[in-house]
Amino acid sequence: MSEFDNALFEIEFLSGPRDGEIVRIEMPDAVVGRDSDVAVSVAADLALSPQHLKIHCQQNEISIESIDEKLDSFINEKTFQGKSVVSETDVVRTGNTEFACRLMCQTDLPTTQFAAQIESGNG
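My aim in this report is to walk through the structure given alongside it, one point at a time.

The rules we used
- Residues numbered from 1 in each chain as written.
- Predicted model: local features only at pLDDT ≥ 70, side-chain atom pairs only at ≥ 80, totals over all residues.
- Heavy atoms only, no water.
- Helix = DSSP H or I, 4+ residues; strand = E, 2+ residues; numbered from the N terminus.
- Contact = heavy atoms within 4.5 Å.
- Pairing = 2+ DSSP bridges.
- Axes fitted to C-alpha atoms, helices over the stretch in contact; angles between N-to-C directions.
- Salt bridge = Lys/Arg side-chain N within 4 Å of Asp/Glu carboxyl O.
- Buried < 20%, exposed > 50% of the residue type's maximum accessible area, 1.4 Å probe, protein only.

## Side note on the environment of I64
Then, in step 1: Along the chain, I64 falls in strand 6 (residues 61-66).
Then, in step 2: C-alpha separation for the pair I64 and V92, spaced 28 residues apart in sequence, amounts to 8.7 Å.
Then, in step 3: The residues contacting I64, other than those within four sequence positions of it, are L53, K54, I55, F80, G82, K83, S84, V86, V92, F99 and C101.

And the structure:
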């Protein structure tokens, strides 16, 4: 069993200090920020606040929530505040960092729905 078998979602860094890295997250919420003790630390991006965004993975969707409303964050170059659902093709930019989020597994689905998706080839 791989250390990533239980990952709920992953973050792929597209630009910034962690460009090219992929971080797999095994919990339903992860904070992104400059602090070294947040789930996804981007300490070298001085344009980020210590706790900048929270990423939620629930019921097979990923949403991004702004924690520090004083600093702008963007989804596909459009400013957002509060909470917004993102798809796997969306690019999130905050500070000097861009990333995309992807679901890794579908454990939140009811068992019958998950089994139906596997049988139909969609899961």
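Okay, back to it.
## Structural notes on the sheet that holds strand 11 (residues 97-103)
Then, in step 1: The strand order across the open sheet formed by six strands is 2-1-11-10-7-8, and the pairing between neighbours is antiparallel. Every other strand in the sheet has two partners, leaving strand 2 (22-25) and strand 8 (78-80) as the edge strands with one partner each. Ignoring strand direction, the axes of neighbouring strands in this sheet form an average angle of 30°.
Then, in step 2: Sheet analysis places strand 1 (residues 9-15) next to strand 11, joined by six bridges and oriented antiparallel. From the neighbouring strand, F13 faces strand 11, where its bridge partner is F99.

## A short note on the pattern of salt bridges
Then, in step 1: For the structure on display, the rule yields five salt bridges.
Then, in step 2: Note that R102 is salt-bridged to E12, the shortest N-O span being 2.8 Å. Within this pair, whereas R102 is found in strand 11, its partner E12 is found in strand 1, the two being separated by 90 residues in sequence.
Then, in step 3: Classification of R102 by relative accessible area gives partly exposed; the value is 22%.
Then, in step 4: With its nearest N and O atoms 2.9 Å apart, the salt bridge here joins R93 to E77.

## Quick look at the side chain of S66
Then, in step 1: With respect to the helices and strands, the residue S66 is situated in strand 6.
Then, in step 2: Among the residues examined, S66 registers a relative accessible area of 7% and is labelled buried.
Then, in step 3: Look past the residues within four positions of S66 in its chain and what remains in contact with it is H52, L53, F80, Q81 and G82.

## Some details on the sheet that holds strand 6
Then, in step 1: Taken together, the five strands give an open sheet; going across it, the order is 4-3-5-6-9, and neighbouring strands pair in mixed fashion. The open sheet has two free edges, formed respectively by strand 4 (40-41) and strand 9 (83-86), since each of these has just one partner strand.
Then, in step 2: Note that strand 3 (residues 29-33) and strand 5 (residues 53-58) share four bridges and pair antiparallel. For V31, the partnering residue across the bridge sits in strand 5 and is K54.

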